[in-house]
Amino acid sequence: MSQKKARARKAMFSLLPVEFRQSAIEGRGVFAKRAFQPGETIVAYAPKQTKLSADDPGAEAAAATRFTLMSQDGFVIVPDTSVPGGWLCNHSCAPNALLFASGEGRIQCARPIAAGEEITIYYGWVSRNGAPRTPCLCGAETCRGIVELDVTHEDAARVDVTSGNLATRDARVAAKLEEYAEFLRSIGQEHVQRTIASTLVRMKQVNRG
Ligand SMILES: [Zn+2]
């Protein structure tokens, strides 16, 4: 019985269309074993995961860890990092894939990817009040240098979020958000604005509490 189980697991892994190995960007990365076309799902974000409800007492602490995904349907997805998956994708300022946080979370092809290419996504991380930021090592011509969008609590307080859209009456904050939105559009990652919006909503809630 246990032998049968082990064989099933091995087969599942050999069918994965990606491999996980050392990346020139950073640490372990995700690499295509075959070509992908836009729209295709490449790999699950976390084949093994814990899904917490956003109001779970452990959710706040989990949300602060690096690979946790804020799902758009009110869940926090915490990958079991003993099992490789899309959570190993490196960030790039010119990514070839999209990270979707709905359901179980998945990595989807954004533009044609050749076998052997590294799969990269846009994290949509937000840093608060200039807190330690992550240098971006993606090497793209359009690299912003830093992974995060830095937002102060004052900025966040001036932003309203209605059905995933960001709006503000403050001209300075509006200009900052518009510049970022424009950049995201230029790299085909408009959907990251929803990730930013969810984070800003949480920042406002934490601030109030
Ligand atoms: Zn970059």
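In what follows, the accompanying structure is described. The structure displayed is predicted, hence computed values, not measured ones.

Here is what the cut-offs are and how they apply
Residues numbered from 1 in each chain as written. Predicted model: local features only at pLDDT ≥ 70, side-chain atom pairs only at ≥ 80, totals over all residues. Helix = DSSP H or I, 4+ residues; strand = E, 2+ residues; numbered from the N terminus. Buried ≥ 20, exposed ≤ 12 C-beta atoms within 10 Å, placed from the backbone. Contact = placed C-beta atoms within 7 Å. Core = buried A, V, L, I, M, F, W, Y, C linked by C-beta atoms within 7 Å. Domains from an automatic or database assignment. Pairing = 2+ DSSP bridges. Axes fitted to C-alpha atoms, helices over the stretch in contact; angles between N-to-C directions.

A separate point is the overall build of the chain. The helix and strand tally for the chain stands at five helices and 14 strands. Principal axes of the C-alpha set define a box for the chain whose edges measure 60 × 40 × 30 Å. Put simply, the chain has 209 residues, and 32% of those count as buried. Put simply, 62% of the contacts in the chain that link residues at least 6 apart link residues at least 24 apart.

The next thing to look at is the environment of Ile196. Its place among the elements puts Ile196 in helix 5 (residues 192–208). Using a count of 22 C-beta atoms within 10 Å as the deciding quantity, one classes Ile196 as buried. C-alpha of Ile196 to C-alpha of Cys93: the two residues are 103 residues apart in sequence and 16 Å apart in space. For Ile196, the residues in contact, after removing those within four places along its chain, are Gly124, Val126 and Leu149.

Grouped burial of nonpolar side chains is what soluble globular proteins tend to show. Ala97, Ile107, Ile119 and Ile121 are the most contacted members of the largest nonpolar core, which totals 41 residues. Only strand 2 (28–32), strand 3 (41–44), strand 5 (69–70), strand 6 (75–79), strand 8 (97–100), strand 10 (118–121), strand 12 (149–151) and helix 5 provide two or more residues apiece to this core. If one sorts the elements of this core by residue count, helix 5 sits on top with five residues. No fewer than three residues from each of domain 1 (17–121) and domain 2 (123–209) sit in this core. Discounting chain neighbours no more than four positions away, the residues touching Ala97 are Ile42, Cys89, Ile107, Gln108, Cys109, Ala110, Ile119, Thr120 and Ile121.

In this fold, Trp125 is placed in the loop between strand 10 and strand 11 (126–128). Each C-alpha atom of the pair Trp125 and Lys51 lies 20 Å from the other, and the pair is 74 residues apart in sequence. Ignoring anything within four residues of it in the chain, the contact list for Trp125 reads Val147 and Glu148.

Turning our eyes to something else, we now look at the sheet that holds strand 3. What the three strands build is an open sheet, ordered 3-9-8; its pairing is antiparallel. The two strands at the open ends of the sheet, each matched to only one other strand, are strand 3 and strand 8. This sheet shows a mean twist of 25 degrees between the axes of neighbouring strands, independent of strand direction. The pairing of strand 8 with strand 9 (residues 106–109) spans four bridges and is antiparallel. From the neighbouring strand, Ala97 faces strand 9, where its bridge partner is Cys109.

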